[in-house]
Amino acid sequence: MTSTTFGDRLRHMLRERGMSQNALARETNYGPSYLSKVVNGHSSLTLEMAQKIDAVLKTGGEFADTYCRPAPIDLTDPPRGEEHEDAEEMERRRLFQALAVLGIAMTPAATALEHIRDAADRTLGRDDSLHVEDWENTLVEYGYAYMEHSPSRLLRDLALDLVLVQQATRVARSNGRSYNAWCRITGGLAVLIAKTLCNLGEHRQARGWWNTASRATARAGDHDLELWVRGEQLIHGLYQGRPTQILLREADLVRRAASTHRPSRGMAKVHTASAQLHALSGDVDSANSELAACRTVYEMLPTAVTEDVSSVNGWARDRLTYTETWVHAYLGAAAEMERAAAQTLSLLPPGPVSVRAHTQIALMRGVGHVRAGDVATGISLAERAYANHPADQRTTLITALASQVLTDVPIREAQRPAVGAYRELLGPSGLPALT
């Protein structure tokens, strides 16, 4: 049904109740002129408005159910056309509605204070570059939060901040100032949302966020961040169970494109993904070749990157030895795996920031020992690590590694009591193994 049909129905109900349109505007907290445009079909009815009208007129949800179809959220382009102001207001309301679905409260008081603060900044002649710098610092802080916070908590914070960044990016696009910098911030937040959704097992939703992150970083012209996004996408695709050969082809294309750029953490991430994919396919020579490329890139990275052990934004030596542990584990080279695992554990920072890494290393050791034929040791390592890992931190990566240990147990060993106990521990949370 069209918005005109909605207007006819609303006018009919108002006559039945002896209520004026202006009175309805006051009750629903909308401006009379804006409500008039919606009633007359010049602006679209939003779900929030429909729900408020239903509440005031006590319709039992008729307007929300019958006439309102929420529009998809557009996080890239600003609204255009004669009704630009109304469209922007509707977009803002849709975004706040989406936040509410995620359990994020953007109260009217908070919104009002944000507008007042923004006006004060403009009066003082706010320097846009300083505003961008604030958000760059926020992005750096998220690099640390990602390592420590549960995915569900992190997702809510990221979503709220991306809504705020989108509004700033829209202004930057219109005035031409700092637009590339805002695109970089958008890309950084988007990739963290994609990674977090993958950690929660929401791979289908994550797909769109990977694309948004790639587009934003490409527009920003940040080749390092763009490569890092592609490398992260490859690794998460590996744990998602995407076909290895397809991922290898994608990795090869990215590596060729990266060959013209200076060594960076993004390039290191791409070589990491390639090494893991070759190990998964059983190609020992190619896996070791990519490990060598990882070491070469590491030696050429700036110290600001190689000394950042506690953040997802860094690529310190523990990332290199972690990759070596993974590759040797999947190749069943237990001795090399244990040496790399011991090095990694000695490099990890203390505290909650490395809880996931400790569990992942133990599970990788479980994979490596089972593949090398020592089922008892492999199952024991995996059982202890998975049982002691916090439930809210059991990401897709953690559960996939735990499942891989069980999948690699030979059929002749499957009836061991320890294997049965481990299978019961994983229960329905076990994911399909990497193949």
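Residues numbered from 1 in each chain as written. Predicted model: local features only at pLDDT ≥ 70, side-chain atom pairs only at ≥ 80, totals over all residues. Heavy atoms only, no water.

1. Let's talk about the confidence of the model for the chain
Reading fine detail from the predicted coordinates is not recommended where pLDDT is low. Per-residue confidence for the chain gives a mean pLDDT of 83; residues scoring 70 or more make up 82%. For residues 69-85, every residue scores under 50 in pLDDT, and the model assigns this stretch 28 contacts once sequence neighbours within four places are set aside. Every residue in residues 430-435 scores below 50 in pLDDT, and together they form 18 contacts with partners more than four places removed in sequence or on other chains. (pLDDT = per-residue confidence, 0-100. Contact = heavy atoms within 4.5 Å.)

2. Examining the side chain of Ser 311
Along the polypeptide, Ser 311 turns up in the loop between α16 (303-306) and α17 (317-330). Those residues within four positions of Ser 311 in sequence are excluded, and the remaining contacts are Val 140, Gly 143, Tyr 144, Met 147 and Arg 319. (Helix = DSSP H or I, 4+ residues; strand = E, 2+ residues; numbered from the N terminus.)

3. Comments concerning the packing of helix α10 (residues 179-199) against helix α11 (residues 203-220)
How two helices sit against one another is set out by the angle between their axes and by the gap between those axes. Where α10 meets α11, the axes come as close as 7 Å, and the angle between the chain directions of the two elements is 160°. The orientation of α10 with respect to α11, classified from their angle, is roughly antiparallel. In terms of crossing hand, the pair formed by α10 and α11 is left-handed. Broken down by class, the residue content of the contact of α10 with α11 amounts to 14 nonpolar, seven polar and three charged. (Axes fitted to C-alpha atoms, helices over the stretch in contact; angles between N-to-C directions. Parallel < 35°, antiparallel > 145°, perpendicular 65-115°, else oblique. Left-handed = near helix turned anticlockwise from the far one by under 90°. Nonpolar A, V, L, I, M, F, W, Y, C, P; charged D, E, K, R; others polar.)

4. Side note on the nonpolar core
With 43 residues, the main nonpolar core has Tyr 239, Trp 326, Tyr 330, Leu 363, Leu 401 and Tyr 422 as its most contacted residues. Looking at this core element by element, the count peaks at seven residues for helix α21 (residues 396-407). Leu 154, Leu 192, Ala 206 and Leu 225 belong to the second-largest nonpolar core, a separate cluster that totals 32 residues. (Core = buried A, V, L, I, M, F, W, Y, C linked by side-chain atoms within 4.5 Å. Buried < 20%, exposed > 50% of the residue type's maximum accessible area, 1.4 Å probe, protein only.)

5. Quick notes on helix α15 (residues 284-300)
The end-to-end C-alpha separation of α15 is 25 Å, in line with the 24 Å expected for 17 residues at 1.5 Å each. If you check which residues of α15 are buried, you get Ala 287, Glu 290, Leu 291, Ala 293, Cys 294, Val 297 and Tyr 298. Looking straight down α15, one finds that the buried residues subtend no more than 160° of arc, so they occupy a single side. Exposed residues pointing more than 90 degrees away from the buried face of α15 are listed as Asp 285, Glu 299 and Met 300. (Expected span 1.5 Å × (residues − 1). Arc of directions from axis to C-beta.)

6. What to know about the pattern of salt bridges
Two side chains of opposite charge can pair, provided their charged atoms sit close to one another. Going through the model one piece at a time under the given rule, you end up with 17 salt bridges. Arg 242 is paired through a salt bridge with Glu 250; the nearest N and O atoms lie 2.7 Å apart. A relative accessible area of 26% places Arg 242 in the partly exposed class. For the salt bridge of Arg 255 with Asp 252, the shortest nitrogen-to-oxygen distance reads 2.9 Å. Of this pair, Arg 255 and Asp 252 are both found in helix α13 (residues 244-258), three residues apart, which corresponds to roughly one turn of the helix. Of the residues examined, Arg 255 reaches a relative accessible area of 24% and is grouped as partly exposed. Owing to a relative accessible area of 22%, Asp 252 belongs among the partly exposed residues under this scheme. Bridged by salt links that share partners, the residues Asp 252, Arg 255, Arg 256 and Glu 290 form one connected network. (Salt bridge = Lys/Arg side-chain N within 4 Å of Asp/Glu carboxyl O.)

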